[in-house]
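Understanding the architecture of this molecule
The lines below spell out each chain.
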Amino acid sequence: MPQGETFHRAVSQVLFISQAYALLPVSNIRSVDVNQIRFKWRSPRVFYSAIILLLNLCEFGAVLNHVSSVGVTFHTSSSLALYVVCLLEHLFFWRLAFHWHSIMRHWHRVEQLFLSVPYRFYGEYNMKRRINIVVGLVMSSALVEHCLLLANSCHLSNLERTQCNINVSYLESIYKWERPHLYEILPYHVWLLPLLEWINETIAYPRSFTDCFLMCIGIGLAARFHQLHRRIAAVHRKVMPAVFWTEVRQHYLALKRLVRLLDSAVAPLILLAFGNNMSFICFQLFNTFKNIGVDLIVMVAFWYSLIFAIIRTTLTIFITSSINEFEQKIITALRDVPSKAWTPEVQRFSEQLGNDMTALSGNGFFYVTRQLVLSMATTIITYELMISDVINQATIRQRTVYC
């Protein structure tokens, strides 16, 4: 690992791109010096983010008005939940932006311990490359999903227009199909479409980016736990002086405090992200009882969206839980310390490792460990079995006639 590769430098480009979607409005996000990171109320980033948030709030009000007029159904409730999650994600990133400068300064101070000898010799865990690969794959897949869903809307709106002989243009039919809540109160104008599409992007982007952001934090923390584990593993079954174990224990405690700081900062995002992913997967599984295969475009868009949500959620768990996995490896390495080298300092270190969970959590409701995959899978399978008993598949068909 290069000497200067800190988490801030590794993730700054990713966070800079996210600011185009009004997330984490922090000034000097690409600055080399973490002390220059600031949250300024009077800054273009904050002004832009506030405008996007205001537009999203206005559209959310239009959605509420539409739902109150047509009634609450399974479909309208899912649309309502999408806007609620989007607004909460924007608000939570605003909350995080207030403290981002202090978080980065604390993280930078801890990282200085691991950017010097002897940890520099155990730094092959390339943080920046892993972050770029993960974010590139997930967000490019999210872009494909968005394009497929947009193509699906264009296709279905055109079917409605042609079948019902509706005397509107193709673009207006798309506007009516995509934004029925706005169509009732805002007349169609062609110049509205690019603006509304960009607002739609700011709504869709946080759903995948929140998972990416959590994965980036997991990679950054795991890189330092990896170095700590490598240093302990390098003295496997060797008799080391007490000063060695004192130093290692102090470095572990510094990482532990950093994990607690980040957990308190991102716990609402974790709870929201996993809750949203679970509800979306369950909603899509409910839709599998429909005859999706009638239309090719609908089928491809549906199955891609479902599979992508499952893979993205699983990947988030596996990467974020690597923090806890490296701690388990450290515990295993301590068990191999020879008995003649088992000092009170080693005993204290072993007790600290075993008495507390080192992992990010969802506000204390759950910890992000590998076992969470099994818990979520069990819940989803149980849900699928329950609705399969309740719903008669033969009575549900995909909508093919729109008049």
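So, here's what we can say about the structure. (Residues numbered from 1 in each chain as written. Predicted model: local features only at pLDDT ≥ 70, side-chain atom pairs only at ≥ 80, totals over all residues. Heavy atoms only, no water.)

**Section: the pattern of salt bridges**
As enumerated under the stated definition, the model contains seven salt bridges in all. Notably, a salt bridge pairs Glu59 with Arg179, separated by 2.5 Å at the nearest N-O pair. Taken together, the residues Glu59 in helix α2 (residues 44-70) and Arg179 in the loop between α5 (170-178) and α6 (180-183) connect sequence positions 120 residues apart. Take Glu59: its relative accessible area is 3%, and that puts it in the buried class. A salt bridge links Arg207 to Glu145, with the shortest nitrogen-to-oxygen separation between them at 2.8 Å. In this pair, Arg207 sits in helix α7 (residues 192-233) while Glu145 sits in helix α4 (residues 127-163), placing the two residues 62 residues apart along the sequence. Like Arg207, the residue Glu145 is buried in the burial classification. What emerges from the salt-bridge pattern is a single network uniting Arg249, Glu345 and Arg348. (Salt bridge = Lys/Arg side-chain N within 4 Å of Asp/Glu carboxyl O. Helix = DSSP H or I, 4+ residues; strand = E, 2+ residues; numbered from the N terminus. Buried < 20%, exposed > 50% of the residue type's maximum accessible area, 1.4 Å probe, protein only.)

**Side note on empty space enclosed by the protein**
Counted by the stated rule, this structure contains three cavities of 30 Å³ or more. Of the voids in this model, the largest cavity is the one considered here, and its volume is about 60 Å³. (1 Å grid on protein atoms, 1.4 Å probe; cavity = no way out; pocket = protein on both sides within 12 Å on 5 of 7 lines; lining within 4 Å. Points joined across faces, edges and corners; volume = space filled by probe spheres on them.)

**Some thoughts on the state of the cysteines**
Joining two cysteines, a disulfide is a covalent bond between their sulfur atoms. Tallying each qualifying case throughout the model produces zero disulfides. Cys58 takes part in no disulfide bond, and the closest cysteine sulfur, belonging to Cys86, lies 13 Å away. (Disulfide = S-S within 2.5 Å.)

**Describing the nonpolar core**
With 106 residues, the main nonpolar core has Phe7, Leu96, Trp100, Ile131, Phe209 and Phe213 as its most contacted residues. Excluding anything up to four places from it in sequence, Phe7 contacts Trp100, Met104, Trp107, Glu111, Met127, Ile131, Cys216, Ile217, Gly220 and Arg224. (Core = buried A, V, L, I, M, F, W, Y, C linked by side-chain atoms within 4.5 Å. Contact = heavy atoms within 4.5 Å.)

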